[in-house]
Amino acid sequence: MSLLRDQHIILGITGGIAAYKAAELARRLKDEGALVQVVMTDAAKSFISPLTMQAVSGRAVRDTLLDPAAEAGMGHIELGRWADLVLVAPTSADFIAKLANGMASDLLSTVCLATSAPVFLAPAMNQAMWQKPATQRNVTTLQADGIMILGPTIGDQACGDVGPGRMMEPHDILNALLAQTASGSMQGLNVVITAGPTWEALDPVRGLSNHSSGKMGYAVASAAAAAGANVHLISGPTALTPPKRVRLSSVRSAEEMFEAVQTAHSPCDIFIGVAAVADYRPQTVQTSKIKKNDDRLTLELVKNPDILSWVATQSPRPFTVGFAAETDQPIEHARNKRRNKGLDLIAVNQVGEALNPFGSDENQLVLIGQNEEIDLGRKSKAQLAIDLIETIAKKYHEQHKT
Ligand code: C5P
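What comes next is a walk through the structure. Bear in mind the structure is a predicted one, so any value in this text is a computation, not a measurement.

**Observations regarding the sheet that holds strand β2 (residues 35-40)**
What the five strands build is an open sheet, ordered β2-β1-β3-β4-β5; its pairing is parallel. The open sheet has two edge strands with one neighbour each: β2 and β5 (148-149). Of the strand pairs in this sheet, strand β3 (residues 85-91) and strand β4 (residues 119-123) are connected by four bridges, and their pairing is parallel. If you follow Val86 over to β4, its bridge partner there is Val119.

This is the structure in structure tokens:
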């Protein structure tokens, strides 16, 4: 069950081009089972219509401070009490300045001031505005006041600039909210996680790889860190931003990943292999680009080391968890894989037309142990990762009871 289920969330929207992403965010929060009340500033309405937000949230948008229709004419107090969590996305530089100074000149800023619920801000603005001392000062003030700042990320901006100021993507915001509500079940444990694909070079420009985006592995790393673990994430090439509070080692090939794991695995309490490691690599890597002179080209491939199997045979041996992606008879194959590789648990997903997990924000997992099979269901990778981490933590503690 999602940690956001039945949570009362106020989704505040301020004026900025990233406001178009708020519709997606509202939908994702609703998918988690949250009750979403949108509050918009006047500037926000120039970027996205209240009707759109009403349709995706299922509730009429609130935007008026002095609203005779609100309970006793005090909408801000009633909304502030109703909220379990306030999220403002996007948050403009102006709104940050307003909150940092305790101003309450519209409904949204007044709710933020009146509520005792945690407040999260996802800033979005031009990179120069974000980097200005005034904005940075205001952000530091807000953080000292206990307000959580999510992002911004670095990248292309609507104004043509490149730099820090992009609003975090809706699924990353959701991840961050879920992480904040996690449990501490892995407090102090050392956890090593592999993620992403590997890249097996053929020559300086070409190589063999696979469709893994790294999203599931990064979500697992984020959930483990939120549960209190010291996480070392060893990742093949991905386009993802590393989760907060996670030590990242970036690698390319399976051999590099193996080397990094050999260094990282000790001392490690739990090892989770989420990476889609290439089974084979070209026997020789050409130093210059292969020319297309011949009609046929034969590649000689050699087997890569099985990192997970190696980890499972070490002494002391960490609690070892693997992943399996199968197109046919996934459960049967995964049961055999768990046994052959000597794993404590294996998480299996079926790769098919109904749900192809590669690159998707959703997944469906069954967790298989020696004597049981737990269906974690189909949900967001963020929520699945939390459920997975909670189950792994429970099994780990059962095994280490003295
Ligand atoms: O054998 P298969 O590739 O299906 O097993 C998948 C599991 O094994 C995943 O957990 C993956 O991270 C791990 N693995 C590995 N090293 C390999 C191949 C797979 O660690 N060379």
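**Focus: the packing of helix α3 (residues 75-82) against helix α5 (residues 107-114)**
Relative orientation of the contacting elements α3 and α5 amounts to 50 degrees, with a least axis distance of 8 Å. Considering the angle they form, α3 stands oblique to α5. In terms of crossing hand, the pair formed by α3 and α5 is right-handed. Side by side, α3 and α5 meet where Gly75, His76, Ile77, Leu79 and Gly80 of the first sit next to Leu107, Thr110, Val111 and Ala114 of the second. Partitioned by chemical class, the residues of the contact of α3 with α5 number five nonpolar, four polar and no charged.

**Details of the pattern of salt bridges**
This structure, assessed with the given rule, holds 18 salt bridges. Lys45 is paired through a salt bridge with Asp63; the nearest N and O atoms lie 2.8 Å apart. With Lys45 in the loop between β2 and α2 (50-57) and Asp63 in the loop between α2 and α3, this residue pair connects regions lying 18 residues apart in the sequence. Judged by relative accessible area, Lys45 falls into the partly exposed class, the value being 30%. The residue Glu398 makes a salt bridge to Lys395 at a minimum N-O spacing of 3.9 Å. Of this pair, Glu398 and Lys395 both sit in helix α13 (residues 381-399), three residues apart, roughly one helical turn. A relative accessible area of 39% places Glu398 in the partly exposed class. For Lys395, a relative accessible area of 14% puts it in the buried group. Within this structure, Glu24, Arg27, Arg28 and Asp31 form a network of salt bridges that share partners.

What counts as what
- Residues numbered from 1 in each chain as written.
- Predicted model: local features only at pLDDT ≥ 70, side-chain atom pairs only at ≥ 80, totals over all residues.
- Heavy atoms only, no water.
- Pairing = 2+ DSSP bridges.
- Helix = DSSP H or I, 4+ residues; strand = E, 2+ residues; numbered from the N terminus.
- Axes fitted to C-alpha atoms, helices over the stretch in contact; angles between N-to-C directions.
- Parallel < 35°, antiparallel > 145°, perpendicular 65-115°, else oblique.
- Left-handed = near helix turned anticlockwise from the far one by under 90°.
- Contact = heavy atoms within 4.5 Å.
- Nonpolar A, V, L, I, M, F, W, Y, C, P; charged D, E, K, R; others polar.
- Salt bridge = Lys/Arg side-chain N within 4 Å of Asp/Glu carboxyl O.
- Buried < 20%, exposed > 50% of the residue type's maximum accessible area, 1.4 Å probe, protein only.

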